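Residue strings, one per chain:
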Amino acid sequence: MANDSKFEDLTIIQENKIPAEQTPPARLICLDDLLEDTLKNLEITLTDGEQTIGRAAQNSICLVYKKISRHHARIYPHNESWEIEDLQSANGVFVNEQRVTRSRLGHGDIVRLGPVPFRFELERPAPAEQASTPSSAHLGDGGTMYAYHAGVLESLVAAEAASSEEKAETPSPSEAVQRPKERPIGGAKPHYRKRAIRYGLMLLLGVALLGGGYAYLQRQHAQQGQMLAKGLEARFQRFLDHYEGEHSPDPLDLGQRDLTEIRNMAAHIDIATEQYPDNASLRALQARVSFIDFEREFARLLGEGKTYAAEQLVKDTQQKVSSLPPGKGNAGKEASEEVTNLLDLAAIIAQFKQFRQRFPDPFNPGPVRPSPYELRAIKALKIPLIEKKKASHLALSITYSRFQQLLTEVEEEDMRFINRWQEVVGQQ
């Protein structure tokens, strides 16, 4: 007894570590179908003990997504179940919309890593977990249900429907005794009417939740598109400041560096417009960057004397710009009209350059001279040139200064040659 009393006040603490193979297999199913293709319908199988989740390649589960931290969370077996732990991630770990540092996971729980939602499912859930109703963690202090993703809504509505159906099909003893007596003449039986009312209310609730969740996702998607558009607009403005300003190189002295920057920027904008096709700001950028690329190729062809190839380039670019949808809003439509007007100017410039190439020297005329009809036709282009330049004055002075240099060359040199040819032909 003396020996026993010596250890009477001691408490022995022993951690019950269960081998991984005793933990039931489970899986995490991604619920968000608006993510990148690599994450759509993603299903993570949990069978091999502790696993880490993050953006870095060293993780056992690598999720390449900008809102996922490099080392976001770890999920591990514990006491014949699974637990998840936040590895000090930037955007947090949430279980049933409650932010957690560490939490035990139950069958059907909604696990959110940053903005990416998953549903945790055991492959062989215990009967108690199979029959359980949705966790009260989905409810706020006032009984308000929070559901931030369409997959969460689907899970909650399905669970609520299963629970209500089970209750409706299992009548209480008192109800079973009284049921034969409830036979009113005409109409449905009372318990059928109650069941129909419950199902109707559940259906209305499900529609309301799904509609609200869809609206929320649409707003979130639009906001993400607008943020992406602002970043690309800032990049486009930096390009203009560096390559389109008054100190930029001559259009004919094009370097590979600015062309590479244009092509890379255009590729990023094309990808963004595919992801957010209704964003008018992205559509406007797409049209303007297309023209920036065009004006460099157009200037190069004219500098090499390939005036007919330059004219064909104008037609191809006009067709490309006209096929671009403007998106929702005025920005895309205004940019499309702006670029269309500039391409009309480019078509006129190409005709002036073709005339000068065919009749190069009016001061020393040879046997090949323009006819009076050809002179009248080329001089008639002066009026639409002036009108379209006036309509595009703001765009030329702010955005497309290189293209304005080509227009200035036409006005100061090519028109002077045409006037001289008119004098020569008039003297004949």
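Residues numbered from 1 in each chain as written. Predicted model: local features only at pLDDT ≥ 70, side-chain atom pairs only at ≥ 80, totals over all residues. Heavy atoms only, no water.

Engineer: Give a detailed account of the nonpolar core, specifying residues and quantitative values.
Structural biologist: In this structure, Phe298, Phe352, Tyr400 and Phe403 are the most contacted members of the largest nonpolar core, which totals 56 residues. With twelve residues, the top contributor of residues to this core is helix α7 (residues 280-303). When neighbours within four sequence positions are excluded, Phe352 is seen to be in contact with Ile378, Leu381, Lys382, Leu385, Val410, Asp414, Met415 and Ile418. Judged by nonpolar contacts, the second largest core, of 25 residues, contains Ile61, Ile75, Trp82 and Leu105. (Core = buried A, V, L, I, M, F, W, Y, C linked by side-chain atoms within 4.5 Å. Buried < 20%, exposed > 50% of the residue type's maximum accessible area, 1.4 Å probe, protein only. Helix = DSSP H or I, 4+ residues; strand = E, 2+ residues; numbered from the N terminus. Contact = heavy atoms within 4.5 Å.)

Engineer: Explain the side chain of Glu83 to me, and be specific about the residues and the numbers.
Structural biologist: Counting through the fold element by element, Glu83 comes out in strand β6 (residues 81-86). It is Arg102 that comes nearest to the buried, bridge-free Glu83 among opposite-charge side chains, at 4.8 Å. Glu83 has contacts with Arg74, Ile75, Tyr76, His78, Arg102, Ser103 and Arg104, leaving out every residue within four places of it along the chain. (Lys, Arg positive; Asp, Glu negative; His and termini not counted. Salt bridge = Lys/Arg side-chain N within 4 Å of Asp/Glu carboxyl O.)

Engineer: Mind laying out the pairing of strand β3 (residues 51-54), listing which residues take part and the relevant values?
Structural biologist: The sheet contact formed by β3 and strand β5 (residues 73-78) spans three bridges and is antiparallel. Looking across to β5, one finds that Thr52 is bridged to Arg74. Direction of pairing for β3 relative to strand β4 (residues 61-62): parallel, over a ladder of two bridges. Bridge pairing in β4 links Ile53 to Ile61. (Pairing = 2+ DSSP bridges.)

Engineer: Could you give an account of the packing of helix α9 (residues 330-358) against helix α11 (residues 382-391), with specific residues and numbers?
Structural biologist: Where α9 contacts α11, the axes come no closer than 10 Å and their chain directions differ by 145°. Two packed elements cross with a definite hand, and for α9 against α11 that hand is left-handed. Here Asn341, Asp344, Leu345, Ile348 and Phe352 of α9 lie close against α11, whose contacting residues are Lys382, Pro384, Leu385, Lys388, Lys389 and Ala391. Split by residue class, the contact of α9 with α11 holds six nonpolar, one polar and four charged. (Axes fitted to C-alpha atoms, helices over the stretch in contact; angles between N-to-C directions. Left-handed = near helix turned anticlockwise from the far one by under 90°. Nonpolar A, V, L, I, M, F, W, Y, C, P; charged D, E, K, R; others polar.)

Engineer: So what's going on with the sheet that holds strand β8 (residues 98-100)? Which residues, and what values?
Structural biologist: Pairing within the open sheet is antiparallel, and its six strands lie in the order β2-β1-β11-β10-β7-β8. What marks the edges here is a single partner per strand, and that holds for β2 (43-46) and β8. Strand-to-strand twist of the sheet, defined as the mean angle between neighbouring strand axes without regard to direction, takes the value 30°. Strand direction decides the pairing type here: strand β7 (residues 93-95) and strand β10 (residues 110-113), joined by three bridges, are antiparallel. Counterpart to Val93 in the pairing with β10 is Leu113.

Engineer: Tell me about the pattern of salt bridges, residues and numbers included.
Structural biologist: Where side chains of opposite charge bring their charged atoms close, a pairing between them can arise. Counted by the stated rule, this structure contains 22 salt bridges. With a shortest N-O distance of 2.6 Å, Glu50 and Arg74 are connected by a salt bridge. Of this pair, Glu50 sits in the loop between β2 and β3 while Arg74 sits in strand β5, and the two are 24 residues apart along the sequence. Lys353 is paired through a salt bridge with Asp414; the nearest N and O atoms lie 3.1 Å apart. Remark: Asp414 occurs in helix α13 (residues 401-426) and Lys353 occurs in helix α9; sequence separation between them is 61 residues. Take Lys353 and Asp414: they sit in the same class, and that class is buried. Taken together, the shared-partner salt bridges in this structure form one network comprising Lys353, Arg356, Glu409, Glu413 and Asp414.

Engineer: So, the environment of Leu324: which residues are in play, and what are the values?
Structural biologist: Take Leu324: it is sitting in the loop between α8 (307-322) and α9. Along the primary structure Leu324 and Gln286 are separated by 38 residues, whereas in three dimensions their C-alpha atoms are 8.4 Å apart. Contact partners of Leu324, with chain neighbours within four places excluded, come to Gln286 and Ala287.

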